[in-house]
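What the coordinates show
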2 protein chains.
Amino acid sequence: MDGRVDHVGIAVEEIDRTLAVYSMLGFERMEEETVESEGVRALFLGGAGPTRLELLEPLHDGSSLARFLSGRGQGLHHVAIRVRDIEAAVSACEEEGLTMSGAIRTGALGRKVAFVHPKSASGVLIELVQAD
Amino acid sequence: MDGRVDHVGIAVEEIDRTLAVYSMLGFERMEEETVESEGVRALFLGGAGPTRLELLEPLHDGSSLARFLSGRGQGLHHVAIRVRDIEAAVSACEEEGLTMSGAIRTGALGRKVAFVHPKSASGVLIELVQAD
């Protein structure tokens, strides 16, 4: 693992009401996707750099994102780090004593993802995302 | 402005107790600095990608970071976007109707920075940082 930030996840009530500020800062709309398994609509924003922003809006009140919004309000949600081999990365995390949140699964853009629970990482929800 | 994420700021109680997980993910210690004007100790972590992580620890209870930690606990604190000309970027933000949090000032690494207030940006504290 070589220290690359893939994207920063941002929890919002409504994606379309959030775009202006990022557009002004040079981020453009990229892929948009509904991830039914997570109960979210996701819009990636990208610019000249490799790190994207991912705006996340809940699809329904039962989603964990909706619970996050009720509890903490809109704001930064997670940071996603690239890994080459997700199974190896999860094993390494578990060997370090970190607690994973759920199993390896398919996330946005069809990529394999896994999450380190915030209680294991000083309050930060870390997504591991398998990417070249 | 061309859409580059400079770094992601993470608020922690103690930097040294937070390093293991990021080290495992491929991030190494880079610059470390005490920013007296903000009441923080900052440690940048970097890897193969251009986006860094900035671990932030309060120097004293009166700092805004200490208030953030009391209110919300440890976790993601801000996202920093690169701009080429900070004065022009702040003017553009103000023309869009965004509220800035304080004036342009010198932040970590001697760079000029300014902050968009979270209430203007869907709960996200956005740092603008002047960098090439």
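Below you will find a few notes about this structure. The model shown is predicted, which means the values in this text are computed figures rather than measured ones.

Here we look at the relation of the copies chain B and chain A
Each copy superposes on the other: chain B lies on chain A with an RMSD of 0.0 Å after a rotation of 180° and an axial shift of 0.0 Å. The operation mapping one copy onto its partner corresponds to a two-fold rotation axis. Proximity to the rotation axis, assessed at the C-alpha, singles out leucine 76 of chain B in chain B; its C-alpha lies 3.1 Å from the axis. A high fraction, 100%, of the interface residues of chain B reappear at the interface in chain A, so the copies pair face to face through one surface.

Some words on the sheet that holds strand E8 (residues 126–130) of chain A
All names here are of chain A. Spatially, the eight strands line up as an open sheet ordered E2-E3-E4-E1-E5-E8-E7-E6, and their pairing is mixed. Each edge of the sheet is formed by a strand with only one pairing partner; in this case those strands are strand E2 (28–35) and strand E6 (105–106). Strands in contact with helix H2 (residues 64–72) are strand E1 (5–11), strand E3 (40–46), strand E4 (52–58) and strand E5 (75–83); relative to E4, the strand with the most contacts, it is inclined by about 90°.

Thoughts on the pattern of salt bridges
All names here are of chain A. On inspection of all chains with the given rule, the structure shows 24 salt bridges over all chains. For the salt bridge of aspartate 2 with arginine 4, the shortest nitrogen-to-oxygen distance reads 3.4 Å. The closest approach of N and O atoms between arginine 105 and glutamate 38, which form a salt bridge, is 2.8 Å. Taken as a pair, arginine 105 in strand E6 and glutamate 38 in the loop between E2 and E3 lie far apart in primary sequence, 67 residues in all. Of the residues examined, arginine 105 reaches a relative accessible area of 26% and is grouped as partly exposed. Judged by relative accessible area, glutamate 38 falls into the partly exposed class, the value being 23%. The structure contains a network of salt bridges with shared partners spanning Asp16, Arg29, Glu32, Arg41 and Glu57.

A word on the side chain of threonine 51 of chain B
Within the secondary structure, threonine 51 of chain B sits in the loop between strand E3 (40–46) and strand E4 (52–58). For threonine 51 of chain B, the side chain forms a polar contact with the side chain of threonine 51 of chain A, separated by 2.7 Å.

Looking at the interface of chain B and chain A
Each partner contributes residues to the interface: chain B has 41 residues there, and chain A has 41 residues. Carbon and sulfur atoms supply 71% of the area that chain B and chain A bury against each other, a total of about 3,400 Å² over both sides. A per-residue breakdown of the area chain B buries against chain A is headed by Met24, Leu25 and Leu76 of chain B, which together make up 19% of the total. Summed over the shared surface of chain B and chain A, the number is zero salt bridges. On the surface where chain B and chain A come into contact, there are twelve residue pairs in polar contact (both at pLDDT 80 or more). The element best represented in the side of chain B that touches chain A is strand E5 (residues 75–83) of chain B, accounting for six residues. Class assignment of the residues belonging to the side of chain B that touches chain A gives a composition of 25 nonpolar, twelve polar and four charged.

Rules behind the numbers
Residues numbered from 1 in each chain as written. Chains lettered and ligands numbered in written order. Predicted model: local features only at pLDDT ≥ 70, side-chain atom pairs only at ≥ 80, totals over all residues. Heavy atoms only, no water. Least-squares fit on C-alpha atoms with pLDDT ≥ 70 in both. Contact = heavy atoms within 4.5 Å. Pairing = 2+ DSSP bridges. Helix = DSSP H or I, 4+ residues; strand = E, 2+ residues; numbered from the N terminus. Axes fitted to C-alpha atoms, helices over the stretch in contact; angles between N-to-C directions. Salt bridge = Lys/Arg side-chain N within 4 Å of Asp/Glu carboxyl O. Buried < 20%, exposed > 50% of the residue type's maximum accessible area, 1.4 Å probe, protein only. Polar contact = N/O pair within 3.5 Å; in protein donor to acceptor, adjacent residues only side chain to side chain. Buried area = accessible area lost by both parts, 1.4 Å probe. Nonpolar A, V, L, I, M, F, W, Y, C, P; charged D, E, K, R; others polar.

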